[in-house]
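Below, each chain spelled out in residue letters.
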Amino acid sequence: MERRAPQRAFAPRLDKIKASAIPRAVDASAGVIWGANRPLSTLWPPAGKARLPLLWRRALWRALKTRRISSGSPSRSTRDLRSLVMHSPPSAVSRDFLTERIEIRLAPAADPTPVHIRATRHLTASRLFSGRPLALVARQLPRLFSVCATAQAVASALACEQALGRAPDTATQDWRARWLLAETAKEHLWRVLLDWSAALGLPSTPDTLTVPLRTYRALRATVPSAIDPFAPGTVMPPLTPNAQARLKDFAAQAAAAVFGQAAETWLARCRDADALQAWSQQAATAAARIGQALYAADCAAWGRSAVPALARPDGAQLAACLAAPAAEAFVAAPTWAGRCHETTPFARQREQPLIAQLSAAHGNGLLPRWAALLVELAGALRTLSDPAPVTET
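This is a predicted model, so every value here is computed, not measured.

Trainee: How should I be thinking about the overall build of the protein in this particular structure?
Mentor: Check the secondary structure of the protein and you find 18 helices and four strands. Buried positions account for 39% of the 393 residues belonging to the protein. The long-range share in the protein, meaning contacts at least 24 apart out of those at least 6 apart in sequence, stands at 61%. Just so you have it, the protein exposes about 21800 Å², and 55% of that area is on carbon and sulfur atoms.

Pasting the structure below:
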């Protein structure tokens, strides 16, 4: 029997579907604008190919068959919001729930506040889990927030366990911490090898991501079957030799792609600003070329600001903010001690000797931020290679 690819069967329908029932929304990660009265095939992808991502194609077809997007406005029902967990298309949920983004508006010079910044956050998401079993919340939360899903799962597990008065044992904490470090390293790989290069007009090197990302995806298979390390109260066995080997392979592959050498070697070498500049001139990696571009353009301090870095907040004070009547306002636009703070690799690594030296000369500009990203990545890869249990998340 001849097999037909799902996208071929679906693609002709996209040209006939209008987006008049779909609210205008901007996907901040891809720059996609959903507008009225335009065929969906012209909206995604920008190159003109009439294909949506596979999960969206399937979900959109299901929505069409059930007439869930036939009306002029999307439903705000709990059922539609929960459908996002199952990868429903944008049309199946409310615009405010879908379009989490940062809006930046530049005002005329006469405006006393020339820059206006507004962030939207999914305040509805927390209500979906009210009164739900902890096990269900632990399973669904990473699906709801697919970006940094492991970080969301770890935070969920720790919050539930704290509420229950429990503490994870050493082996469970080791599993969680290593998976969190691996996810952090994976995200930093994307930033260094793709985003920073594109921002500076340098050629991106997606091929260098292939090997470490393949190993990263294989990490999940090393978790013992029928055990969820992120379920509240779970008890994990010690890290298996297979898992240790895969984590070490991932760390070595990622370090080779970014630093051209082992992470611990790079950390020992780049202890000060002169050593960092020398490495960037000598190494043949995409990360080193970023450093070359920053030094050549003399833009080390570009983008510096007076926004302070967030220190580790007091847990009791944070819990009080989340339990207060104005908790939703705090979640939507959090401040600490009445001020906005940044929570970035630079904020977390600013006390490292190299970053402290760079920030003394360039503030929190581009060069210190690039170096902080590399330092945090190298530290994560070094820890993943070390067989000693990790107890800090």
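Trainee: Honestly, the packing of aromatic side chains in this entry has me stumped. Any pointers?
Mentor: Both the distance between ring centres and the angle between the ring planes are used here to describe each pair of aromatic rings. Taken as a whole and assessed by the stated rule, the structure comprises six aromatic pairs. Ring geometry for Phe 259 and Trp 279: centres 6.4 Å apart, planes at 50°, overall tilted. Highlighted residues: Phe 259 in the loop between helix H10 (241-258) and helix H11 (263-269) and Trp 279 in helix H12 (residues 273-282), separated in sequence by 20 residues. Given the relative accessible area of 0%, Trp 279 is considered buried. Taken together, the aromatic side chains of Phe 259, Trp 266, Trp 279 and Trp 370 make up a single cluster linked through ring pairs.

Trainee: Hey, could you run me through unusual backbone geometry in this one?
Mentor: Phi is mostly negative for residues that are not glycine, and the peptide bonds are mostly trans. The residue Asp 298 is not glycine, and still its phi comes out positive at about 55°. Structurally, Asp 298 can be placed in the loop between helix H13 (286-296) and helix H14 (315-323). Owing to a relative accessible area of 64%, Asp 298 belongs among the exposed residues under this scheme. Look at Ala 337: it is not a glycine, yet its phi comes out positive at around 55°. Secondary-structure assignment places Ala 337 in the loop between helix H15 (327-332) and helix H16 (345-349).

Trainee: Would you mind going over the layout of surface pockets with me for this structure?
Mentor: Once rolled over the atoms, a probe with the size of a water molecule shows which space is left empty. Estimated volume of the second largest pocket: approximately 430 Å³. If you trace the second largest pocket, you find 18 residues lining it, with Ala 149, Thr 150, Trp 179, Arg 220 and Phe 230 closest to the centre. With four residues, the single largest contributor to the lining of the second largest pocket is helix H8 (residues 170-199). Grouping the amino acids of the lining of the second largest pocket by side-chain chemistry returns ten nonpolar, two polar and six charged.

Trainee: Quick question: what am I supposed to make of the pattern of salt bridges here?
Mentor: Opposite charge on two side chains allows them to pair when their charged atoms are near. Under the defined criterion, the tally for this structure stands at seven salt bridges. Close ionic contact of Arg 191 with Glu 187 constitutes a salt bridge, the shortest N to O distance being 3.1 Å. Taken together, the residues Arg 191 and Glu 187, both in helix H8 and four residues apart, mark about one turn of the helix. Close ionic contact of Asp 195 with Arg 191 constitutes a salt bridge, the shortest N to O distance being 2.5 Å.

Trainee: Would you mind showing me how to read the side chain of Ser 197 here?
Mentor: Relative to the elements of secondary structure, Ser 197 occurs in helix H8. Relative accessible area serves as the criterion here: at 1%, Ser 197 is assigned to the buried category. Once you skip the residues sitting within four places of it in the chain, Ser 197 turns out to touch Val 192, Leu 202, Pro 203, Ser 204, Ala 286 and Ile 290.

Trainee: What is the right way to read the pairing of strand E3 (residues 102-106) from this model?
Mentor: Both faces of the sheet carry side chains from a regular strand, because those side chains alternate between them. The buried count for E3 comes to zero of five residues, which makes it a mostly uncovered element. Looking at chain direction, E3 and strand E4 (residues 115-119) are connected through five bridges and run antiparallel. Across the sheet, Arg 105 pairs through a bridge with His 116, a residue of E4.

Trainee: I tried to follow the nonpolar core on my own but got confused; where do I start?
Mentor: Side chains of a nonpolar character, in soluble globular proteins, are inclined to be buried together. Membership of the largest hydrophobic core comes to 59 residues, with the highest contact counts inside it found for Phe 259, Trp 266, Trp 279, Trp 370 and Leu 381. The element contributing the most residues to this core is helix H18 (residues 366-385), with eleven residues. Once you skip the residues sitting within four places of it in the chain, Trp 266 turns out to touch Phe 259, Gln 261, Leu 276, Trp 279, Leu 374, Val 375 and Ala 378. If you look at the next biggest cluster of nonpolar residues, it comprises six residues, including Leu 128, Phe 129, Val 137 and Leu 144.

Trainee: What is the right way to look at the packing of H8 against H18 in this model?
Mentor: It is the contact of H8 with H18, at a shortest axis distance of 9 Å, that shows an interaxial angle of 140°. For H8 against H18, the interelement crossing comes out left-handed. On the side of H8, the interface is formed by Arg 178, Leu 181, Ala 182, Thr 184, Ala 185, His 188, Arg 191, Val 192 and Trp 196, while H18 contributes Leu 366, Arg 369, Trp 370, Leu 373, Leu 374, Glu 376, Leu 377, Ala 380, Leu 381, Thr 383 and Leu 384. Here the contact of H8 with H18 is built from residues that sort into 13 nonpolar, three polar and four charged.

Trainee: What's the story with the side chain of Thr 205 in this structure? I'm lost.
Mentor: Looking at the secondary structure, you find Thr 205 in the loop between H8 and helix H9 (210-218). For Thr 205, a relative accessible area of 18% gives the class buried. If we ignore the near neighbours within four places in the chain, the residues touching Thr 205 are Leu 193, Leu 194, Ala 286 and Arg 289.

Trainee: Hey, could you run me through the environment of Ala 347 in this one?
Mentor: Its place among the elements puts Ala 347 in helix H16. For Ala 347, a relative accessible area of 3% gives the class buried. C-alpha of Ala 347 to C-alpha of Ala 309: the two residues are 38 residues apart in sequence and 4.8 Å apart in space. Leaving out residues up to four positions away in the same chain, Ala 347 has contacts with Ala 309, Leu 310 and Glu 342.

Trainee: Looking at this structure, I do not really get the packing of H13 against H18. What am I missing?
Mentor: Relative to each other, H13 and H18 sit at 165°, their axes nearing to 10 Å. In terms of axis orientation, H13 runs roughly antiparallel to H18. The element H13 and its partner H18 pack so that their crossing is left-handed. Across the interface between the two elements, Ala 287, Ile 290, Gly 291, Leu 294 and Tyr 295 from H13 touch Leu 366, Leu 367, Trp 370 and Leu 374 from H18. Along the lines of polarity and charge, the residues of the contact of H13 with H18 split into eight nonpolar, one polar and no charged.

Cut-offs and rules
Residues numbered from 1 in each chain as written. Predicted model: local features only at pLDDT ≥ 70, side-chain atom pairs only at ≥ 80, totals over all residues. Heavy atoms only, no water. Helix = DSSP H or I, 4+ residues; strand = E, 2+ residues; numbered from the N terminus. Buried < 20%, exposed > 50% of the residue type's maximum accessible area, 1.4 Å probe, protein only. Contact = heavy atoms within 4.5 Å. Areas by Shrake-Rupley, 256 points an atom, 1.4 Å probe, with all protein chains shown as cover. Phe/Tyr/Trp six-rings, centres within 6.5 Å; stacked < 30°, edge-to-face > 60°. 1 Å grid on protein atoms, 1.4 Å probe; cavity = no way out; pocket = protein on both sides within 12 Å on 5 of 7 lines; lining within 4 Å. Points joined across faces, edges and corners; volume = space filled by probe spheres on them. Nonpolar A, V, L, I, M, F, W, Y, C, P; charged D, E, K, R; others polar. Salt bridge = Lys/Arg side-chain N within 4 Å of Asp/Glu carboxyl O. Pairing = 2+ DSSP bridges. Core = buried A, V, L, I, M, F, W, Y, C linked by side-chain atoms within 4.5 Å. Axes fitted to C-alpha atoms, helices over the stretch in contact; angles between N-to-C directions. Left-handed = near helix turned anticlockwise from the far one by under 90°. Parallel < 35°, antiparallel > 145°, perpendicular 65-115°, else oblique.

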